[in-house]
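# Working through the structure, step by step
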Amino acid sequence: MSDDKSTAGNMLDAAKAKINEGADRARAAGHDLASNVGGTMDNMGDKAKATEDRAKAEVHNAEAHANYNEGKREAKDGDGH
């Protein structure tokens, strides 16, 4: 996060991060479903991919909250920049 970002820029970044979080969680759910079909090695691979996608989702969630909070802070400054 940059100090020269506007309120709108921070809020846009927060929204993008939430979209990415949703996509990561959807991929994780798909891998979870796939882990119930196929051979043992395939299932283990799908479980690992689901875990990785859930971790990425948590990172995107943290980014969204940080950008949102920065946007709120910028808005309270009164100048929006």
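Residues numbered from 1 in each chain as written. Predicted model: local features only at pLDDT ≥ 70, side-chain atom pairs only at ≥ 80, totals over all residues. Heavy atoms only, no water.

All right, on to the overall build of the protein then. For the protein, the helix and strand inventory stands at two helices and zero strands. Projected onto its principal axes, the C-alpha positions of the protein cover 60 × 15 × 15 Å. Looking at the protein residue by residue over its 81 residues, the buried ones come to 27%. Considering only contacts in the protein between residues 6 or more positions apart, those separated by 24 or more positions represent 72%. For the protein, the exposed surface amounts to about 5,200 Å²; the carbon and sulfur share of it is 58%. The distance from the centre of the 12 positive side-chain charges to the centre of the 16 negative ones in the protein is 4 Å. (Helix = DSSP H or I, 4+ residues; strand = E, 2+ residues; numbered from the N terminus. Buried < 20%, exposed > 50% of the residue type's maximum accessible area, 1.4 Å probe, protein only. Contact = heavy atoms within 4.5 Å. Areas by Shrake-Rupley, 256 points an atom, 1.4 Å probe, with all protein chains shown as cover. Lys, Arg positive; Asp, Glu negative; His and termini not counted. Charge placed at Lys NZ, Arg CZ, Asp CG, Glu CD.)

Looking now at helix H2 (residues 40-77). Taking 1.5 Å per residue as the helical rise, H2 with its 38 residues ought to reach 56 Å, and the 56 Å between its terminal C-alpha atoms agrees with that figure. When we look at burial in H2, the residues that qualify are Asn43, Asp46, Ala50, Asp53, Ala57, His60, Asn61, Ala64, Asn67, Glu70, Gly71 and Glu74. Buried residues belonging to H2 abut helix H1 (7-34). (Expected span 1.5 Å × (residues − 1).)

With that out of the way, let us pick up the environment of Asp53. One can find Asp53 in helix H2. Here the alpha-carbon distance between Asp53 and Glu21, two residues 32 residues apart in the chain, equals 9.0 Å.

Counted by the stated rule, this structure contains eleven salt bridges. Across the pair Arg73 and Glu70 runs a salt bridge, and its minimum N-O distance is 2.5 Å. In this pair, Arg73 and Glu70 both sit in helix H2, three residues apart, roughly one turn of the helix. The exposure class of Glu70 is buried, given its relative accessible area of 12%. (Salt bridge = Lys/Arg side-chain N within 4 Å of Asp/Glu carboxyl O.)

Here the focus is the environment of Ala8. Looking at the element boundaries, Ala8 is found in helix H1. Residue class for Ala8 comes out exposed when judged on its relative accessible area of 57%. Sequence separation of Ala8 and Asp46 is 38 residues, and the distance between their C-alpha atoms is 38 Å.

With that settled, consider H1. A rise of 1.5 Å per residue sets the reference length of H1, with its 28 residues, at 40 Å; its end C-alpha atoms lie 41 Å apart and thus fit the reference within 8%. Buried within H1 are the following residues: Thr7, Asn10, Ala14, Ala17, Glu21, Asp24, Ala28 and His31.

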